[in-house]
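Given next are the chains, with one letter for each unit.
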Amino acid sequence: MAELFRVSLVFLAICLSQLLVWTKVDCATQTTRNHPTLILILCPTENAEKRQIMRTSWLGAPYLPPHVISYRFISDNITNGDILAGDTIRTHPEDKLQSSAGGGFLHGFFPKVRTSLRYVLQLTHVSYVLWLDDDTIPNLSRFLSIALDYDRGTKKDDARGLYMGVAIKNMADNPVWNPDYAKLTSLHNYPVYMHGSAILFGSGVFRALGEVDRHMGLRFFGNGDTTFGIRPHGFSSDIRQFPGTFVIDADPIKMNALLAHGNLHDFCEPLYYHNVKNAADLLIFGFAVAEKCSRTMFEDNGELRNQIEEISKKFDVYSHGANDETKN
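Residues numbered from 1 in each chain as written. Predicted model: local features only at pLDDT ≥ 70, side-chain atom pairs only at ≥ 80, totals over all residues. Heavy atoms only, no water.

Right, let's talk about the pairing of strand S1 (residues 37–42) for a bit. For S1, the tally of buried residues reaches six of six residues, placing the bulk of the element in the interior. Side chains of S1 alternate between two faces, with Thr37, Ile39 and Ile41 and Leu38, Leu40 and Leu42 buried alike. One ladder, built from six bridges, connects S1 with strand S2 (residues 69–75); its direction is parallel. Bridge assignment links Ile39 to a residue of S2, and that residue is Tyr71. For S1 and strand S4 (residues 128–133), the ladder comprises six bridges, and the chain directions are parallel. Bridge pairing in S4 places Ile39 opposite Leu130. (Buried < 20%, exposed > 50% of the residue type's maximum accessible area, 1.4 Å probe, protein only. Helix = DSSP H or I, 4+ residues; strand = E, 2+ residues; numbered from the N terminus. Pairing = 2+ DSSP bridges.)

The following block contains the structure:
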């Protein structure tokens, strides 16, 4: 028993040292400067139509340089359209959480968390990871502006540990989500965590989570939001919050009214619209954000335009939906 305990301590030390490598040490094969933001979109099989709409609407903004924005869908199956697009990663069925009190919800969600972590571990040329639900329309121009401003004003090692989003504070543990949380942690409230519809990660903190999962197995704390949120508090990370006004639960009637009255400023102000369930709404507002908000932002923000043009000149291997480092 004592020997087993010593072996466990050695293994734990190895895992912790690996975390330090990913979050603090400057590796020769990785840098957080001058590499693109990777967008990971959680998208179930039955939402193949949504994936196609996203490809042609908000992911296809002509003002977003393909060398700065790369993306992948994470799904539990891949359709012929996904194969042709070459942009969808299949989840691993064996990663489904067993014996979960939450039933199908947890069984369907957790594999996408683990697949995302495994995928990013294979990459070196990524600075930031934007994690999205498939019912979210992000204003990618604004996300890119925030990432560039943050990157420019932050030390490289600190930027790797970024965990940024709209925070949820002091949420009580939900026994249906995770009946063992209080027993395992002696806590009855989750620490501050980010709303999972859109979270911006530094590449280091995302890889650190992947290393923990690979070596020790991530314990699942109820849902993807809380699982991500609890972990960054356990090691060096830069936890930042967007103002709550940056996220809007989509209301098609109000959104249509803003567009009909030409009130582009108010329409384009949110960082992202969440809960866009209807495919037709996703198409209409996805195109509006891509064509109207991106264009307006680039026309009005010369500094951002110059930043992106300067960065774009440094890339020659990335394109929308394609990354030669890994294969599906």
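Additional details are given in the paragraphs that follow.
Further remarks concern the sheet that holds strand S12 (residues 272–274). In space, the three strands of this open sheet follow the order S5-S12-S11, with mixed pairing throughout. The open sheet has two edge strands with one neighbour each: strand S5 (137–138) and strand S11 (247–249). Taken together, the two bridges between S5 and S12 define a ladder with antiparallel strand orientation. Across the sheet, the residue bridging to Ile137 is Tyr273, located in S12.

One pass over the full model with this rule turns up one disulfide. Shown here is the disulfide that connects Cys268 with Cys293, its sulfur atoms set 2.1 Å apart. Between Cys268 and Cys293, the disulfide has an S-S torsion of -80 degrees and is therefore left-handed. With Cys268 in helix H11 (residues 264–268) and Cys293 in helix H12 (residues 279–300), this pair connects stretches of sequence that are 25 residues apart. (Disulfide = S-S within 2.5 Å.)

Relative to the assigned elements, Thr227 resides in helix H9 (residues 224–230). Setting aside chain neighbours within four positions, we find Thr227 in contact with Leu218, Arg219, Phe220 and Phe221. (Contact = heavy atoms within 4.5 Å.)

Function-wise, these values are silent; they only describe arrangement.
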